[in-house]
Amino acid sequence: MSDRDQWLQQLHGDAARPAPVALVCFPHAGGAASYFFRFGRSAPAWLDVWAVQYPGRQDRRTEPMIDDEPELTEHIFRALTPWRGGALAFFGHSMGAVLAFETARRLGTATGTRVVRLFASGRRAPSRYRPGTVHLSGDQALLAELRSLGGTNAMVLEDPELRDMVLPAVRNDYRLIERYRGSPAARVDCPITVLVGDDDPMTSVEEAEAWATHTTSTAETILFPGGHFYLENSSARLAKEVFSRLEPYAAASTG
């Protein structure tokens, strides 16, 4: 199995016949590629949708998890190198926004592959640090954190067997993101679209708007009603906002 087959799942399109644009989605802490099935179902014909599958979950549940951002970024970078597909865009939610940003930087520096647009969802700018110790908490405190944020099916949290499968990945990912320190000087050269819930306890509007300091291009912030997982109740609008910003790249490739 190649790195690409192991790390990337295609949710829409045909790998043998790449569409003009490709969107690679990076899941949140404890999340998996399947979280982005809705993007795949609603994607237009000109867009391929891929999702990163981190080790230690779903079809990779027997593999060791990675709790170090540079190491995880390096693996994703290798899976995307060399890129064989259309114009490349990234969407990352929460922890996934950080990994998308760092992978885009790595691609640009090491290969010259340019991500045409970065969608940073539900995450403060890399340079905006908040101390966190959730990964050091006991299981009950970790469960309370998940319940407060939403985004995790309540049935999963109440079922002991499913809970035991989910919690190690959540703890691992919190360890990764709570130890991450983004440099104020780190930048990408593509436009950044920031998407955030207007009642997100993990990202204020000011912290979201600070993404503008991490690009040499343009940045915009789009507010949605809701909290950290605003996506759950705004999937149609979210898809519209994302796809409308990618469509010009499809038109350019066929024009």
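None of the values given here were measured: they were computed from a predicted structure.

When you tally the buried positions in strand 3 (residues 47–52), you get six out of six residues, the bulk of the element. Alternating residues of strand 3 divide into L47, V49 and A51 and D48, W50 and V52, and every residue in both groups is buried. Here strand 1 (residues 8–12) pairs with strand 3 via four bridges, running antiparallel. Residue pairing for strand 3: Q10 is matched across the bridge by W50. Bridge analysis of strand 2 (residues 21–26) against strand 3 gives five bridges, and the strand direction is parallel.

Locating P27 in the fold gives a position in the loop between strand 2 and helix 2 (37–42). Overall, the relative accessible area of 0% leaves P27 in the buried class. A sequence separation of 37 residues divides P27 from P64, and the C-alpha atoms of the two residues are 17 Å apart. Apart from residues no more than four positions distant in its own chain, P27 is found in contact with A32, A33, F36, V52, Y54, H93, M95 and G96.

Tracing the backbone shows H28 in the loop between strand 2 and helix 2. On the basis of relative accessible area, H28 is assigned to the buried category, the value being 8%. Not counting residues up to four positions away in its chain, the partners in contact with H28 are Y35, Y54, H93, S94, M95, G96, D173 and F229.

Rules used throughout
- Residues numbered from 1 in each chain as written.
- Predicted model: local features only at pLDDT ≥ 70, side-chain atom pairs only at ≥ 80, totals over all residues.
- Heavy atoms only, no water.
- Buried < 20%, exposed > 50% of the residue type's maximum accessible area, 1.4 Å probe, protein only.
- Helix = DSSP H or I, 4+ residues; strand = E, 2+ residues; numbered from the N terminus.
- Pairing = 2+ DSSP bridges.
- Contact = heavy atoms within 4.5 Å.

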